[in-house]
Amino acid sequence: MPGAAHSILGLVELANNGSDDTGNTKQILHDAFGHRLNDWLRNGGQWSFLNDTRACVILRDIHTARELELAAAELDSVFKEPHYHLGQALPLAVTAGFTEFSDHNSDLVQAMQEAGMALDQAKQAEHLFEIFSPDSGAPAQEENKLLEQMRAALRQNQFQLFYQPRIHARQRTLIGAEAQVHWHHSEQGIVTADKFIEVARKYDVIKPITWWSIRAAVNRLAYWPEQLSVAVSICPEMLLEDDIFSVVKDALTVFGVKPSRLNLTINDCITADNQALMLDRIARLHDIGVTLSLEQFVSGCSSLALFRDLAVDELKIDRCFVERMLESDKDSAVVKSIIDLAHNFSLKAVAEGVQSTTVADRLAELHCDILLGPVFDTPLPAKDFEREYRLQRET
């Protein structure tokens, strides 16, 4: 812990409680957040907002871990009671990450990164706060290195989209493509998303990567035949970003693409946290005219009750069931059940990971609608995909 010449930098984040963000609710929570921070730091310290729900704080005269624990306990006490507005209780729970720094400008960027890592650890462990420790080991250092490389990759345009064909199950014709982000790493060559996307999701990098992916996919789609569509994966947390509506609308308008030709695939489970807000965001995207797909159904944590209320157009069958459906009666039954469920709700069923024509034939017999998998093609760079499927880039 610091001595007299050091300070504590912290990131304090207001938990998103899933309240409706219409009207003045966001501003009310933002103002209440600021007032509570003032109450907490009334005896010393500085703070400033980084966004509506996150603030940076600097605590001075903290010399021991016990003193920081006491300060954090006071933080918990200050935010324990909800904020009442017009008789409605609005929760104001917070999580914090702290790190030591020496008040030099050269240390501030690193201190912010360390506090961010501590904050993420606290949220994952569902703790009030965590303190960054250099002893967290090599994994944390490697993660931090990867994070900086991704930020540099965004600045240097190192990300690119590969496209995998979406095939009509019965006619075996091309109906579109699934866009998958790849990283053209200066040292490692082509790096697939599974190697970096989880780290991107933990920090702020996932947002610019997602917005870039949507714009790039729509731009490419503008030159393809009208009957083709493109699917772009988005993480559920991106639904909480207000920017998503303007990004989607602007891309479609700028490149002159019909909304129905863009598919947004929610690529992970939707949990109870922020469920009402996410349902509203999905409905608003659907109202724009884009199609939406739900992934990780059954194998993830989306429930039937949640599924009933989702304004989606497609239901994806996880590859773990598709790959074993010919060998396992149980997996085959799951596949059939998902197809039937989709059709009962007037949705299309999409099977991932189709590895053979035998599996493709069986899926068609079960009335699956769309197929993806290596039996048709692996993900290809845009120009290779267009050449392989003879797509005319008409201007």
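These numbers come from a predicted model, not from an experiment.

**Q** How should I be thinking about the overall build of the chain in this particular structure?
**A** Summing up its helical and strand segments, the chain has 13 helices and 17 strands in all. Put simply, of all contacts in the chain between residues at least 6 apart along the chain, 68% involve residues at least 24 apart.

**Q** What should I look at first to understand the layout of surface pockets in this one?
**A** Leftover empty space is mapped by rolling, across the atoms, a probe with the size of a water molecule. When its volume is computed, the second largest pocket comes out at roughly 870 Å³. As for the second largest pocket, its lining consists of 33 residues, and the residues nearest its centre are Q180, A193, S233, N267 and E295. The greatest single-element share of the lining of the second largest pocket, amounting to 5 residues, is contributed by strand 9 (residues 174-185). The residue makeup of the lining of the second largest pocket, split by class, is 13 nonpolar, 11 polar and 9 charged.

**Q** I would appreciate a short explanation of unusual backbone geometry in the present structure.
**A** Excluding glycine, a negative phi dihedral is what most residues carry, and trans is how most peptide bonds are arranged. Here N157, not a glycine, exhibits a phi torsion of approximately 55°, which is positive. Residue classification places N157 among the exposed positions, given a relative accessible area of 65%. Of note in this structure, R390 is not a glycine but carries a positive phi near 50°. Summarising the element assignment, R390 is placed in the segment after helix 13 (382-388). R390 sits in the exposed class, given a relative accessible area of 75%.

**Q** Quick question: what am I supposed to make of the packing of helix 7 (residues 243-255) against helix 8 (residues 275-288) here?
**A** Two quantities define a packed helix pair, namely the angle between the helix axes and the distance between the axes. As a packed pair, helix 7 and helix 8 sit with axes 11 Å apart at the nearest point and diverge in direction by 15°. Taken as axis vectors, helix 7 and helix 8 run roughly parallel relative to one another. Crossing handedness for the pair helix 7 and helix 8: right-handed. Residue-level contacts link I244, F245, V248, K249 and L252 of helix 7 to R281, R284, L285 and I288 of helix 8. Of the residues belonging to the contact of helix 7 with helix 8, the class tally is 6 nonpolar, no polar and 3 charged.

**Q** Help me understand the pattern of salt bridges, please; the structure alone is not making it clear to me.
**A** Any two side chains of opposite charge can pair if their charged atoms end up close together. Counted under the stated rule, the structure contains 25 salt bridges. R54 serves as the salt-bridge partner of E13, at 2.6 Å between the closest nitrogen and oxygen. With E13 in strand 1 (residues 7-14) and R54 in strand 3 (residues 54-59), this residue pair connects regions lying 41 residues apart in the sequence. Classification of R54 by relative accessible area gives partly exposed; the value is 22%. Between E386 and R220 there is a salt bridge whose closest N-O contact spans 3.0 Å. Of this pair, E386 sits in helix 13 while R220 is found in helix 6 (residues 206-221), placing the two residues 166 residues apart along the sequence.

**Q** Honestly, the nonpolar core in this entry has me stumped. Any pointers?
**A** Taken as a class, soluble globular proteins show a tendency for nonpolar side chains to be buried jointly. Within the largest apolar cluster, 82 residues are counted, with the highest numbers of intra-cluster contacts made by M150, Y163, I214, L262, L264, L285 and L363. The biggest single contributor to this core is helix 6, with 7 residues. Listed in part, the 23 residues of the second largest apolar core include A32, L75, L92 and F98.

**Q** I'm lost on the packing of aromatic side chains in this one. Help?
**A** Aromatic ring pairs are reported here in terms of the distance separating the ring centres and the angle at which the planes meet. In this structure the tally under the stated criterion is 11 aromatic pairs. Ring plane angle 65° and centroid distance 5.8 Å describe the contact between F33 and F79, whose orientation is recorded as edge-to-face. With F33 in helix 1 (residues 25-40) and F79 in helix 2 (residues 65-80), this pair connects stretches of sequence that are 46 residues apart. Take F79: its relative accessible area is 3%, and that puts it in the buried class. Pairing F98 with F129 gives two aromatic rings, centres 5.8 Å apart and planes at 65°, and the pair type is edge-to-face. With a gap of 31 residues between them, F98 in strand 6 (residues 94-101) and F129 in strand 7 (residues 129-131) connect regions that are remote in the sequence. Looking at F98, the relative accessible area reads 0%, which means it is buried. Members of the aromatic cluster, each reached through a chain of ring pairs, are F33, W47, F49 and F79. Between R284 and the ring centre of F245, over which it is positioned, the NZ or CZ distance is 4.0 Å.

**Q** How should helix 11 (residues 329-344) be read in this particular structure?
**A** An α-helix turns once per 3.6 residues; consequently, residues spaced three or four apart project the same way. With 16 residues, helix 11 ought to run about 22 Å at 1.5 Å a step, and its terminal C-alpha atoms sit 22 Å apart, in line with that. Buried within helix 11 are the following residues: D331, S332, V335, I338, I339, L341 and A342. Of the residues one or two after helix 11, S346 is the one with positive phi, at around 60°.

Conventions adopted
Residues numbered from 1 in each chain as written. Predicted model: local features only at pLDDT ≥ 70, side-chain atom pairs only at ≥ 80, totals over all residues. Heavy atoms only, no water. Helix = DSSP H or I, 4+ residues; strand = E, 2+ residues; numbered from the N terminus. Contact = heavy atoms within 4.5 Å. 1 Å grid on protein atoms, 1.4 Å probe; cavity = no way out; pocket = protein on both sides within 12 Å on 5 of 7 lines; lining within 4 Å. Points joined across faces, edges and corners; volume = space filled by probe spheres on them. Nonpolar A, V, L, I, M, F, W, Y, C, P; charged D, E, K, R; others polar. Buried < 20%, exposed > 50% of the residue type's maximum accessible area, 1.4 Å probe, protein only. Axes fitted to C-alpha atoms, helices over the stretch in contact; angles between N-to-C directions. Parallel < 35°, antiparallel > 145°, perpendicular 65-115°, else oblique. Left-handed = near helix turned anticlockwise from the far one by under 90°. Salt bridge = Lys/Arg side-chain N within 4 Å of Asp/Glu carboxyl O. Core = buried A, V, L, I, M, F, W, Y, C linked by side-chain atoms within 4.5 Å. Phe/Tyr/Trp six-rings, centres within 6.5 Å; stacked < 30°, edge-to-face > 60°. Lys NZ or Arg CZ within 6 Å of the ring centre and 35° of its normal. Expected span 1.5 Å × (residues − 1).

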